[in-house]
Amino acid sequence: QVQLVESGGGLVQAAGSLRLSCAASGRYAIGWFRPAPGKEREFVAAISWSGGSTYYADSGKGRFTISRDNAKNTVYLQMNSLKPEDTAVYYCAAATNPRSGSYYYTIMYNYWGQGTQVTVSS
C-alpha cells in the first residue's frame, strides 16, 4: 500500500504563490483534488507516472503547474496567481495506470493523503 504525504500548504496573500509537494513511492499516476460545493472533492491537476501527460481543471489552467521528480518520489503542484477561492484543503491521490480520460475522477484513485491546507487571503 502506498503512503502519500502532502506538504507545502500555508497562508498566502492573493496573487501569491505556493508549491505543494506529495511524497509518493511506487509507479502511480498522481492527482490533486480539493473539496468543492456540491462535490466531495473536485479535480485540480494530475500527472502520469512518467510525467509525460498532465491534466488541469479549467480553474487552474495558466496558473497551476504539476510536475514530478521520480528520483525523489515527489510530485509538485506549483500554484501561482492564487485567488481567495483557491482556499481549501488540497489532497494528493494515487492511481494505477488510469486511462487518459479518467484522471479527472476520484473513483480512479486508490490511495489518498491526509491533505494540506491552503489559505489565500484577499
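Please refer to the structure placed before this passage.
Here's what I pulled together on the structure shown here. (Residues numbered from 1 in each chain as written. Predicted model: local features only at pLDDT ≥ 70, side-chain atom pairs only at ≥ 80, totals over all residues. Heavy atoms only, no water.)

1. Notes on the nonpolar core
To keep things clear, this is the line we draw: Working definition of a nonpolar core: buried Ala, Val, Leu, Ile, Met, Phe, Trp, Tyr and Cys residues. They are joined through side-chain atoms within 4.5 Å. Exposure categories follow from relative accessible area, calculated using a 1.4 Å probe and restricted to protein chains: below 20% of the type maximum is buried, above 50% is exposed, and the middle band is partly exposed. Where helices and strands are cited, they refer to DSSP runs of H or I of at least four residues and of E of at least two residues respectively, numbered from the N terminus.
Counting residues in hydrophobic clusters, the biggest one holds 25 residues, and the most contacted among them are Leu4, Cys22, Ile30, Trp32, Leu77, Met79 and Tyr90. Mapped onto this core, the elements with two or more residues apiece are β3 (18-24), β4 (29-36), β5 (39-47), β7 (64-69), β8 (74-79), β9 (88-95) and β11 (116-121). Grouped together as the second largest cluster of nonpolar side chains are ten residues, Ala29, Ala46, Tyr55 and Tyr103 included.

2. Section: the state of the cysteines
Defined as follows: By disulfide we mean two sulfur atoms from cysteines, separated by a distance within 2.5 Å.
As enumerated under the stated definition, the model contains one disulfide in all. Two residues, Cys22 and Cys92, share a disulfide whose sulfurs are 2.1 Å apart. In this structure the cystine formed by Cys22 and Cys92 twists about its S-S bond by roughly 65 degrees; its chirality is therefore right-handed. Placement of Cys22 in strand β3 and of Cys92 in strand β9 is noted, with a sequence separation of 70 residues between them. The exposure classification of Cys22 matches that of Cys92, with both residues buried.

3. Considering the sheet that holds β8
Quick note on the threshold: The rule for pairing is simple: two strands pair if DSSP sees at least two bridges between them. An axis is simply a line fitted to the C-alpha atoms; with a helix, the fit covers only the stretch in contact. Between two such axes, the angle follows the N-to-C directions and lies from 0 to 180 degrees.
Strand order in this open sheet of four strands is β1-β3-β8-β7, and the pairing throughout is antiparallel. With one partner strand each, in any of the chains shown, β1 (4-7) and β7 form the two edges of the open sheet. Each strand of the sheet is rotated relative to its neighbour by a mean of 15 degrees, with strand direction disregarded. Examined bridge by bridge, β1 and β3 share four bridges and lie antiparallel to one another. Bridged to Ser7 within β3 is Ser21.

4. Some remarks on unusual backbone geometry
Even without being a glycine, Asn73 presents a positive backbone phi close to 55 degrees. In this structure, Asn73 sits in the loop between β7 and β8. Its relative accessible area of 37% is what places Asn73 among the partly exposed residues. In this structure, Asn97 takes a positive phi of about 50 degrees despite not being glycine. Mapped onto the fold, Asn97 is located in the loop between β9 and β10 (111-112). A relative accessible area of 68% places Asn97 in the exposed class.

5. Quick word on the side chain of Thr116
We count it as follows: Residues are treated as being in contact if the distance between any of their heavy atoms lies within 4.5 Å.
Tracing the sequence through the fold places Thr116 in strand β11. In this structure Thr116 comes out as buried when scored by relative accessible area, which is 10%. If we skip the residues at most four places from it in the chain, Thr116 touches Glu6, Ser7, Gly8, Gly9, Leu20, Ala88, Val89 and Tyr90.

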